Amino acid sequence: MVTGERETSGVTTQLILTYVRERGGEAALQDLLVRAEVPETRDELLDETRWTSYTTRIRLFEAAVAVLDDPRCPYEMGAVALRLGLHHSLVLVLRALGSPRQVYRQLPRSVPKFSTTSTMELVECGGSSAVFRYRLHDGYRHSRLDCLYAQGLMCVIPEIFGLPSAEMVHEECESDGADACIYRLRWTHRSRLPFRRRRVVADGPELLALRGLLRTLQSTTAELVGGHDLDTVLRRITERAASAVVAPAHLLAVLDPETGTPQIHSIGIADEDLPTLAGRLLAGEDLGPHVVAVEVRSARRLHGQLAAIYPSNQQGPENERPMLTAYAGHAAAALDLVLALESSRRGESRSASLLELAHRLRAASDAQTVAEVVVAMLPQVVGCDSSSVRAWNPSAGHLETLASSGLDERERALVQTTFIRADETPELVDVLTRHETGIITVDDATPSLRAWLIELDLDGFAVAPLLADQTMLGVATAAWRTGQMPTNTEEALVRLRGVGEYAATALQNARLWDTVRHQSLHDALTGLPNRVLLTRTLERALADATGDGGVAVLYCDLDQFKHVNDSSGHPAGDELLRQVAARLLGVLRPGDMVGRLSGDEFALVLPGVPDPLVATGVAERVLRCFAEPFRIEGQRMRVTTSVGVAVHVGSGGRVDQLLRDADAGMYAAKQRGRNQFGFLPCRDDDAGSVDTAAFRARTDASELEQELRRALSRNELRLFFQPVVEINDGAGETTGPEMRLAGAEALLRWEHPRLGTLAPEAFLTLAEEVGLISDFDLWAVAEACYAVAGWPSDEKLPHVAVNLSSAALLDPRLYDVVRSALSDADIAPEQLHLEVVESRALLDVPVVVERLNELRRLGVSISLDDFGTGYSTLAWLQRLPVDRIKVDRTFTAELGRSASAQALVRGIFALAAELGVGVVAEGVETTEQLTELRRAGCRLFQGYLLGRPEPRMPALAPPPLAGHPSLH
């Protein structure tokens, strides 16, 4: 039963090192360790609870003789053991026997406390003498030094009772070839000593031992309590048990307070013997005379059993039970404390886990993510081994797994493919109908569920319904491995119920979010993806295209659909659109997508098109699917479609370009007679045929495009500034108009390395097509702010106006760029005016209003450029936060020549005044125009008459026409 290199007690090794240090000092001790060449460290040899080998013991004796140059020093070590600190519990145990004679009678049973390699027999014992036979076990080489040490220990025993040491006669020794060592001892009887000496001396060793044992127990208790977790404390209790009772082996077996499973720690016991021995110990069985076992019990609970174990052929000293009981009491107190701490930590950890669960569920936007978050957190919150979330499928009548955790690959596959049916599991029906959490164990489960639990090695599981407004969404489960289910499951059920409430709310939100998301990305009439989703899909397809891979778009427009609505009514038209959607779905290849763009317009996205002929083949199938008449409200209706085809091969494709090409191909097909497809570029006399060479030429980027892409990085962009002049009437009859430079408009130029300075009209359209316009605009904002920073100002701060494209206005970087530019240039926010051009696309985007409001909150002014030329000027003024409008030059140019132009301009100024917004007149090139604008109430002007664009900010001096008669 006792195993390992547990042949020499730490009491012996500690005594050897202490003796050598006392006689020779620290240098002698270091020399001893070097000479002995043993594997143990100094601290390990000084630990009286640690056992070592017989070889280590003999090497230490031999090294001590050499270091101290004293062949009889092992005898002295034993003889002074009491003075140098013989184990306190041994002193008390021996002292409790009452006399040297009683100790010598029990001595053979105490040998295992020092060594498991020898056996001692008591041959005879009288009142003051005894004879012992001491034999080394087979397989060990007898050492005369070890024999001397044993003699010294035997002689010191009377000193425990305040008597002189015993006299030893050793005539037969195993080292001389005898079968065993024979020791004859004689000691002085207590009655021969004077009473005073007997009382004082007799109390000395016992008192010292009691004090020493108290210090040891206090130190051991502090070490036990210092453990930060249950496993550490259990291990320390086992390791330090020898501080109370010296024995070759110790066994600690306690029950886990949560699960009731045995927690076993041991020293010196063979692994194969451990489970059986621990089970018998916990069951309270009598393990034999060689085992001293006590309860580890506190005032709060019985934790388990602690045993000191000796070799099976030797009897354990029963009088050591009080020592072991006292130590077990300290161990129980330490366990109470660490369990309370662990319970507190578990509570804090579970509270933190619940908070983390709630936080992570708030970010989960779909049912799968919700399930994965819940199963990941359940083991931490509930304290289970595995978990799952199963969705309720009402049509199938079963639960199907969304996610699981704590399972290996085989078990996970089993859980994923197993549907728990309501009609086969009454336990499940009970949960679903009563809407309450519960425990299902392997013993209580129905046969099908029991087999499943056994297959997964589970004792059972707790299950909580996931309810939303009394609607069953599914269940959350927490399961325990065989032998791990807690004895008290009430707390686990409470925690699982709380997690279930979190999960149910998150699942309901995910379902609502899925519905909203689906509605935002799908057409309500046909259920097909809408323009937004189709565009995103096309973007991903183009981004993934590499090498010879291609992406095609088929643009389908129904022929004469308006006639259907006019003749049969809109319900018939809606039904036709639904049937068209179904037919288009039927022609798709795997991975293709069809969406409804608007009205009677549909588009197909075809990824993985290495050759344009593949796309035209799909287009032909689309045309054929319209050959069969549609049946609408009981009537046969023949409808055809025109299809435009566009393909991009390789990387670098643009969504807008591909859609425009497909749209152009569709119009080409309609112009040629409808019910056919058009491919750009294609020949007019060969509708639907593909000009592959021309197609590939279109995909090659032009030289100018490549140069434009490098313009920003090569610092080729410039800003020119055109002045904005403010003219106010004088205060009196003799006072002329007051003129001042109100600001300037920043205009972009490209310093082309070959073509010279290019105006915006030469490259901004291309920049917009290739997706660079937003980067250019953001650069212009920052550059303009730096230009204003160097502009001297009077009491009225001048401003700079920068045009923003639609792409820049929707760019998420815009706000941060504006804020950083104002801060870095250290200019007032009101000195920056951002000009936007009205656009149908912008008006339909809700984020535009919020984006403009954010900029205005910074203090930046917003101007509406080219006012009066867009599709719905009044709608813009009504919906957008605008500080100023700029009258387009087309109105200014007609002033003085057209009465209607004058009326329109006056109307614009009247409208602006009513709405409380400022007005700037653009394109002022003549004094007549300036005069008419002033009569209409205009105060801010911009145009060639007042200054042309220059590569630097204009000076603040009045323009040259300050003395012109038209100003008076």
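Note that this is a predicted model, so its numbers are computed, not measured.

**Points about the overall build of the protein chain**
Thought 1: Along the protein chain, the regular secondary structure elements total 34 helices and 30 strands.
Thought 2: Residues classed as buried in the protein chain amount to 52% of the 968 residues present.
Thought 3: Long-range pairs, those at least 24 residues apart, make up 66% of the contacts in the protein chain between residues at least 6 apart in sequence.
Thought 4: Carbon and sulfur atoms make up 50% of the accessible area of the protein chain, which totals about 44200 Å².

**Observations concerning the confidence of the model for the protein chain**
Thought 1: Residue-level pLDDT values for the protein chain average 80, and 83% of them are 70 or greater.
Thought 2: Overall, residues 192-203 carries pLDDT values under 50, and its contacts beyond four positions in sequence, including any with other chains, amount to twelve contacts.
Thought 3: Counting contacts from residues 681-702, a segment whose pLDDT is below 50, to residues more than four positions away or on other chains yields 31 contacts.

**Considerations on the packing of aromatic side chains**
Thought 1: Considering all chains together, one arrives at eight aromatic pairs under this definition.
Thought 2: Relative to Tyr183, the ring of Tyr134 lies with its centre 6.0 Å away and its plane at 45°, an arrangement referred to as tilted. With a gap of 49 residues between them, Tyr134 in strand 2 (residues 129-136) and Tyr183 in strand 4 (residues 181-186) connect regions that are remote in the sequence. The residues Tyr134 and Tyr183 share a single accessibility class, namely buried.
Thought 3: An angle of 90° between the planes, with centres 6.5 Å apart, marks the rings of Trp452 and Phe461 as edge-to-face. Across the pair, exposure class does not vary: Trp452 and Phe461 are buried alike.
Thought 4: Ring pairs connect the aromatic residues Tyr104, Phe132 and Trp187, which therefore count as one cluster.
Thought 5: Over the face of the ring belonging to Tyr75 we find Arg72, whose NZ or CZ atom lies 4.8 Å from the ring centre.
Thought 6: When the ring centre of Tyr944 is taken as reference, the NZ or CZ atom of Arg948 above it lies at 3.9 Å.

**A few points about the sheet that holds strand 13 (residues 458-468)**
Thought 1: On the basis of which strands lie adjacent, the open sheet formed by six strands has the order 11-10-9-14-13-12 and antiparallel pairing. Single-partner strands in this sheet number two, and they are strand 11 (420-421) and strand 12 (438-441).
Thought 2: Sheet analysis places strand 10 (residues 398-405) next to strand 11, joined by two bridges and oriented antiparallel. Each residue of the ladder has a partner; that of Leu399, found in strand 11, is Ile420.
Thought 3: Sheet strands touched by helix 14 (residues 409-417): strand 9 (386-393), strand 10 and strand 14 (471-481). Its angle to strand 10, the strand with the most contacts, is close to 155°.
Thought 4: Against the sheet, helix 16 (residues 447-455) makes contact with strand 9, strand 11, strand 12 and strand 13, and its axis sits at roughly 115° relative to strand 13, the strand it touches most.

**Notes on the state of the cysteines**
Thought 1: A complete count under the given rule lists zero disulfides for this structure.
Thought 2: Free of any disulfide, Cys173 has its nearest neighbouring cysteine sulfur in Cys181, separated by 3.7 Å.

**Quick look at the pattern of salt bridges**
Thought 1: Under the counting rule described, the total for this entry stands at 30 salt bridges.
Thought 2: Among the salt bridges present, the one from Asp31 reaches Arg35, with a minimum N-O distance of 3.1 Å. On the criterion of helical spacing, the pair formed by Asp31 and Arg35 is a turn pair, its members being four residues apart in helix 1 (residues 10-36).
Thought 3: Its relative accessible area of 46% is what places Arg35 among the partly exposed residues.
Thought 4: One salt bridge connects Arg813 with Asp775, and the closest N-O pair in it is separated by 2.6 Å. Here Arg813, found in the loop between helix 27 (806-810) and helix 28 (814-825), pairs with Asp775, found in helix 26 (residues 773-789); they are 38 residues apart in sequence, far enough to count as distant.
Thought 5: Salt bridges sharing partners connect three or more residues here, namely Arg410, Glu411, Glu455 and Arg481.

**Re the nonpolar core**
Thought 1: In terms of nonpolar packing, the biggest core is built from 73 residues, with Val818, Leu832, Leu834, Leu933 and Phe941 touching the most fellow members.
Thought 2: With ten residues, helix 26 is the largest single contributor of residues to this core.
Thought 3: Apart from the residues lying within four places of it in its own chain, the contact partners of Leu933 are Thr892, Leu895, Val905, Phe909, Ala921, Val924, Cys938 and Phe941.
Thought 4: The next biggest cluster of nonpolar side chains, apart from the first, holds 37 residues, and it includes Tyr75, Met77, Val80 and Cys155.

**Let's talk about the sheet that holds strand 8 (residues 302-309)**
Within a sheet, adjacent strands bond to each other through the backbone by hydrogen bonds, running parallel or antiparallel.
Thought 1: Pairing in this open sheet of four strands is antiparallel, and the strands run 6-5-8-7 from one edge to the other. With one partner strand each, in any of the chains shown, strand 6 (262-267) and strand 7 (291-297) form the two edges of the open sheet. For this sheet, the mean inter-axis angle between neighbouring strands, taken without regard to orientation, is 15°.
Thought 2: Bridge count between strand 5 (residues 249-255) and strand 6: six bridges; the pairing is antiparallel. Residue pairing across strands places Ala253 opposite Ile264, the latter belonging to strand 6.

**So, the side chain of Arg481**
Thought 1: Mapped onto the elements of the fold, Arg481 is located in strand 14.
Thought 2: Separated by 3.2 Å, the side chain of Arg481 and the backbone oxygen of Gly406 make a polar contact.
Thought 3: Residues contacting Arg481, with those up to four places away along its chain left out, are Asp385, Gly406, Leu407, Glu411, Leu456, Asp457, Leu458 and Asp459.

**Some details on the packing of helix 19 (residues 561-568) against helix 20 (residues 570-587)**
Thought 1: Interaxial distance between helix 19 and helix 20 falls to 6 Å at its minimum, and their mutual angle equals 140°. The angle between the axes of helix 19 and helix 20 places the two elements in the oblique class. Across the interface between the two elements, Phe561, Val564, Asn565 and Ser568 of helix 19 pack against His570, Ala572, Gly573, Leu576 and Leu577 of helix 20.
Thought 2: In terms of residue class, the contact of helix 19 with helix 20 is made up of five nonpolar, four polar and no charged.

**Observations concerning the packing of helix 26 against helix 28**
Thought 1: In the contact formed by helix 26 and helix 28, the axes pass within 9 Å of each other and the chain directions differ by 20°. Classified by the interaxial angle, the pair formed by helix 26 and helix 28 is roughly parallel. As for how helix 26 packs across helix 28, the hand of that crossing is right-handed. Contacts from Leu778, Val781, Ala782, Cys785, Tyr786 and Ala789 in helix 26 reach Leu814, Val817, Val818, Ala821, Leu822, Asp824 and Ala825 in helix 28.

**Observations concerning the pairing of strand 20 (residues 641-649)**
Looking down a regular strand, the side chains alternate between one sheet face and the other.
Thought 1: Burial analysis of strand 20 places nine of its nine residues in the buried class, the great majority of the element.
Thought 2: Across the two faces of strand 20 the burial is the same, with Thr641, Val643, Val645, Val647 and Val649 and Ser642, Gly644, Ala646 and His648 all buried.
Thought 3: Of the pairings in the sheet, the one linking strand 15 (residues 550-558) to strand 20 comprises nine bridges and is antiparallel in character. Following the sheet pairing, Tyr555 is matched in strand 20 by Gly644.

Criteria and cut-off values
Residues numbered from 1 in each chain as written. Predicted model: local features only at pLDDT ≥ 70, side-chain atom pairs only at ≥ 80, totals over all residues. Heavy atoms only, no water. Helix = DSSP H or I, 4+ residues; strand = E, 2+ residues; numbered from the N terminus. Buried < 20%, exposed > 50% of the residue type's maximum accessible area, 1.4 Å probe, protein only. Contact = heavy atoms within 4.5 Å. Areas by Shrake-Rupley, 256 points an atom, 1.4 Å probe, with all protein chains shown as cover. pLDDT = per-residue confidence, 0-100. Phe/Tyr/Trp six-rings, centres within 6.5 Å; stacked < 30°, edge-to-face > 60°. Lys NZ or Arg CZ within 6 Å of the ring centre and 35° of its normal. Pairing = 2+ DSSP bridges. Axes fitted to C-alpha atoms, helices over the stretch in contact; angles between N-to-C directions. Disulfide = S-S within 2.5 Å. Salt bridge = Lys/Arg side-chain N within 4 Å of Asp/Glu carboxyl O. Core = buried A, V, L, I, M, F, W, Y, C linked by side-chain atoms within 4.5 Å. Polar contact = N/O pair within 3.5 Å; in protein donor to acceptor, adjacent residues only side chain to side chain. Parallel < 35°, antiparallel > 145°, perpendicular 65-115°, else oblique. Nonpolar A, V, L, I, M, F, W, Y, C, P; charged D, E, K, R; others polar. Left-handed = near helix turned anticlockwise from the far one by under 90°.

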